[in-house]
Amino acid sequence: MTEKELMLSQQLYIAKGEELARDNGRARKLTRLINNMATEEQVEECRRLFRELLGRIGDNFWIEPPYRTDYGCNTYIGENFYANYDCIIIDVARVYIGDRVFFGPRVCIYTAGHPIDAGIRNTQLEYGKEVRIGNDVWIGGNTGINPGVTVGNNVVIGSGSV
């Protein structure tokens, strides 16, 4: 398996190689364009770039720049989504976000993890675990969602939660 295939199958992998570098470079370019845009005047262009960046996103959405992601293409978002400023989605594993989900400022989703054993970790091996967020969810500002977490439907997560 390639490093990308290992990564997406939630196995240990090394974040190197041409394929992962190309995908990450694409995400960096698109997020740089988005984050440097005058979004008030360029709403449709900003939305177009998000559609190009992400694996899927519904028709009705807004993500306030700045926004950061590792790949973008591993993130799938439903309808009526809003993310406030400074959203970070580390999507080395897939991220699924349902319909009618709202993020406060600085909500971060982390799918990446590193082995606890220092000997293994020092070989640069890492892994990712999928994150799933249901429908009708509100996540308060400065919240971190860790690898492998599932958030059900009709959930409110208070600010500053992990």
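The following refers to the structure shown. (Residues numbered from 1 in each chain as written. Predicted model: local features only at pLDDT ≥ 70, side-chain atom pairs only at ≥ 80, totals over all residues. Heavy atoms only, no water.)

## What about the pairing of strand S11 (residues 125-128)?
And step 1. Burial of S11 is one-sided: the residues Glu126 and Gly128 facing one way are buried, the residues Leu125 and Tyr127 facing the other way are not.
And step 2. Where strand S1 (residues 13-14) meets S11, 2 bridges bridge the pair, whose relative direction is antiparallel. Its bridge partner lying in S11, Ile14 is registered against Leu125.
And step 3. Bridge analysis of strand S10 (residues 112-113) against S11 gives 2 bridges, and the strand direction is antiparallel. Paired with Gly113 across the two strands is Tyr127, which belongs to S11. (Buried < 20%, exposed > 50% of the residue type's maximum accessible area, 1.4 Å probe, protein only. Helix = DSSP H or I, 4+ residues; strand = E, 2+ residues; numbered from the N terminus. Pairing = 2+ DSSP bridges.)

## Here's the deal with the sheet that holds strand S7 (residues 95-97)
And step 1. Judged by pairing direction, the sheet is parallel, and its 4 strands sit side by side in the order S4-S7-S12-S15 without closing on themselves. With partners counted over all chains shown, the strands left at the sheet margins are strand S4 (75-77) and strand S15 (150-151), one partner each.
And step 2. Relative to S15, strand S12 (residues 131-133) is paired through 2 bridges, and the arrangement is parallel. Its bridge partner lying in S15, Arg132 is registered against Thr150.

## A word on the packing of aromatic side chains
And step 1. Taken as a whole and assessed by the stated rule, the structure comprises 4 aromatic pairs.
And step 2. Between Phe50 and Tyr67, the ring centres sit 5.5 Å apart and the planes meet at 70°, which makes this aromatic pair edge-to-face. Of the two residues, Phe50 is situated in helix H3 (residues 43-53) and Tyr67 in strand S3 (residues 67-69); the sequence distance between them amounts to 17 residues. For the pair Phe50 and Tyr67, a shared accessibility class is recorded, and that class is buried.
And step 3. Measuring from ring centre to ring centre gives 5.1 Å for Phe81 and Phe103, while their planes differ by 85°; the resulting arrangement is edge-to-face. With Phe81 in strand S5 (residues 81-83) and Phe103 in strand S8 (residues 101-103), the pair connects residues that are 22 residues apart, well separated along the chain. The residues Phe81 and Phe103 share a single accessibility class, namely buried.
And step 4. Linked through ring pairs, Phe50, Phe61 and Tyr67 together constitute an aromatic cluster.
And step 5. The lysine or arginine in question, Arg47, covers the ring of Phe61, its NZ or CZ lying 5.3 Å from the ring centre. (Phe/Tyr/Trp six-rings, centres within 6.5 Å; stacked < 30°, edge-to-face > 60°. Lys NZ or Arg CZ within 6 Å of the ring centre and 35° of its normal.)

The values reported here are purely geometric and, on their own, carry no functional implication.
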